[in-house]
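Understanding the architecture of this molecule
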Amino acid sequence: MTIEKWANDLLQWVPAANIKTNESLKQYTMTKLGGLADVFVMPETEQQAVAAIKYAYENNVPLLMLGNGSNMVVRDGGVRGIVVHFSLLNETRINGTTVYAQSGALLKEVSKQAAANSLTGFEFACGIPGSIGGAMAMNAGAYGGEIKDIVVLCKVITKEGQVLELTNEQLELAYRKSIIAKNGYYVLSATFELAPGDQKQIDEKIADLTFQRESKQPLEYPSAGSVFKRPPGHFAGKLIQDSQLQGKGVGGAEVSTKHAGFIVNKNNATATDYIQTIQMVQRVVKEKFAIELEMEVKIVGEDE
Ligand SMILES: Cc1cc2nc3c(=O)[nH]c(=O)nc-3n(C[C@H](O)[C@H](O)[C@H](O)COP(=O)(O)OP(=O)(O)OC[C@H]3O[C@@H](n4cnc5c(N)ncnc54)[C@H](O)[C@@H]3O)c2cc1C
């Protein structure tokens, strides 16, 4: 009854085709596991997004922002309340050296467009499978580059539905941290400042980073990327490798034999398999090296 009411109320602002109930989140997360969202809404405009967020706040409905689901594990019991997905808010615009992208635009696409305009600075993100929103929240980074280096402005919605524009400094970006995650803001768009570059060098850098990623990461299996943050002075992957955990796991989940920092959904894993594998890795690494591995991946939802 409540689920129907929420979905029905949202119809005031969002077209019916963009509101689903009891929607499986497997298809929206890169681990390809987990349960259902009570209500799943895909706003087409910023106004629709603000309205949905305000509605959730004013009616005390739990709300989860899902980006491209590349750093998220949804528990098997699914997510109560409203899940907002920004995949339809995905415009990218380039003006000189300034790149504007909406929250649902994929890093890979923005990186391609920047490269096609001979702009340098976004190459590091060419293989990160997230959206602009998720990348802003996580301060995504790779191969020596990170969002912090290039973002100048980010438009967010507060939990209460107020729209703010935050500068690079106000975003408090640090290793996999931001004020967005800290304060529970929702990203609408971001503006980046790049530099004019040499087309050949940009293309070569992208080809090189793609090669490095494809040769080192188990991209043939569903996963959430690097599960753990880098502990100070160490590499999570190396600690896991030295704990002889590669190839081990619970049920259909397994510590990748190609990259120890990844846990792959090898054979129809449940979220419980995946999470128990994470816990097993944390336990063994702690026993062996007295180091606590902190999760980079976000675990959301309820157990079955
Ligand atoms: C194969 C693979 C390789 C990866 N390599 C890298 C890498 O090199 N570097 C790296 O940094 N990460 C990497 N990742 C992890 C992931 O791609 C990044 O963390 C990415 O930034 C997550 O973006 P997303 O849109 O998928 O977010 P999601 O996974 O959907 O969400 C992640 C977090 O961001 C929040 N979020 C999402 N959208 C919004 C929004 N609009 N507003 C507010 N909060 C939001 C979510 O609520 C959640 O807390 C990899 C993942 C995979 C599967």
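The rules we used
Position numbers for residues start from 1 in each chain and track the written sequence from start to end. In keeping with the predicted nature of the model, local features appear solely for residues at pLDDT of at least 70, side-chain atom pairs appear and are counted solely at 80 or more, and the whole-chain, interface and lining totals rest on all residues. Only hydrogens and water are removed before side-chain values are computed, so all heavy atoms of the structure are retained for them. For this analysis, a salt bridge means a side-chain nitrogen from Lys or Arg found within 4 Å of a carboxyl oxygen belonging to Asp or Glu. Secondary structure elements are defined from DSSP: runs of H or I of at least 4 residues count as helices, runs of E of at least 2 residues count as strands, and each element is numbered from the N terminus. For each residue, the accessible area found with a 1.4 Å probe, counting protein chains only, is set against the maximum for its type, and the residue is called buried under 20%, exposed over 50%, and partly exposed in between. Two strands make a pair as long as DSSP finds a minimum of two bridges between them. Comment: axis = line fitted to C-alpha atoms, over the contacting stretch for helices; angle = value between 0 and 180 degrees taken between N-to-C directions. One heavy atom within 4 Å of a molecule or strand is enough for the residue carrying it to be called near that molecule or strand. Identification of polar contacts relies on pairs of N or O atoms within 3.5 Å, with a donor-acceptor requirement for protein atoms, meaning one able to donate a hydrogen and the other able to accept it, and with residues adjacent in sequence counted only if both atoms are side-chain atoms. Using the Shrake-Rupley algorithm and a 1.4 Å probe, accessible areas are obtained, with residue cover drawn only from the displayed protein chains.

**Thoughts on the pattern of salt bridges**
By the definition in use, this model includes 16 salt bridges. Here Asp 9 makes a salt bridge to Lys 5, at a shortest N to O gap of 2.7 Å. Here Asp 9 and its partner Lys 5 are both found in helix α1 (residues 2-10), 4 residues apart, which amounts to about one turn of the helix. On the basis of relative accessible area, Asp 9 is assigned to the buried category, the value being 15%. Residue class for Lys 5 comes out partly exposed when judged on its relative accessible area of 46%. Where Lys 20 meets Glu 23, a salt bridge forms, and the shortest distance between an N and an O atom there is 3.9 Å. On the basis of relative accessible area, Glu 23 is assigned to the buried category, the value being 13%.

**Topic: the sheet that holds strand β16 (residues 253-255)**
The 3 strands lie next to each other as β15-β17-β16, forming an open sheet whose pairing is antiparallel. In this open sheet, the two edge strands, each paired with only one partner strand, are β15 (223-226) and β16. If you compare each strand with its neighbour and ignore which way they point, the axes differ by 20° on average. As judged from the 3 bridges shared by β16 and strand β17 (residues 262-265), these two strands associate in the antiparallel manner. Within β17, the residue paired with Glu 254 across the bridge is Val 264.

**With respect to the site of the ligand**
Around the ligand, 35 residues are found, and the nearest of them are Met 65, Gly 67, Ser 70, Ser 131 and Gly 141. Ser 70 places a side-chain nitrogen or oxygen 2.6 Å from an oxygen atom of the ligand. One nitrogen or oxygen atom from the main chain of Gly 141 is found 2.6 Å from a nitrogen atom belonging to the ligand. Relative to its free-state accessible area of 970 Å², the ligand is covered by the protein chains to the extent of 92%. Secondary-structure elements contributing two or more residues to the shell around the ligand are β3 (63-66), α4 (132-138), β9 (141-142), β13 (186-193) and β15. Considering every element that reaches the shell around the ligand, the biggest residue donor is α4, with 5 residues.

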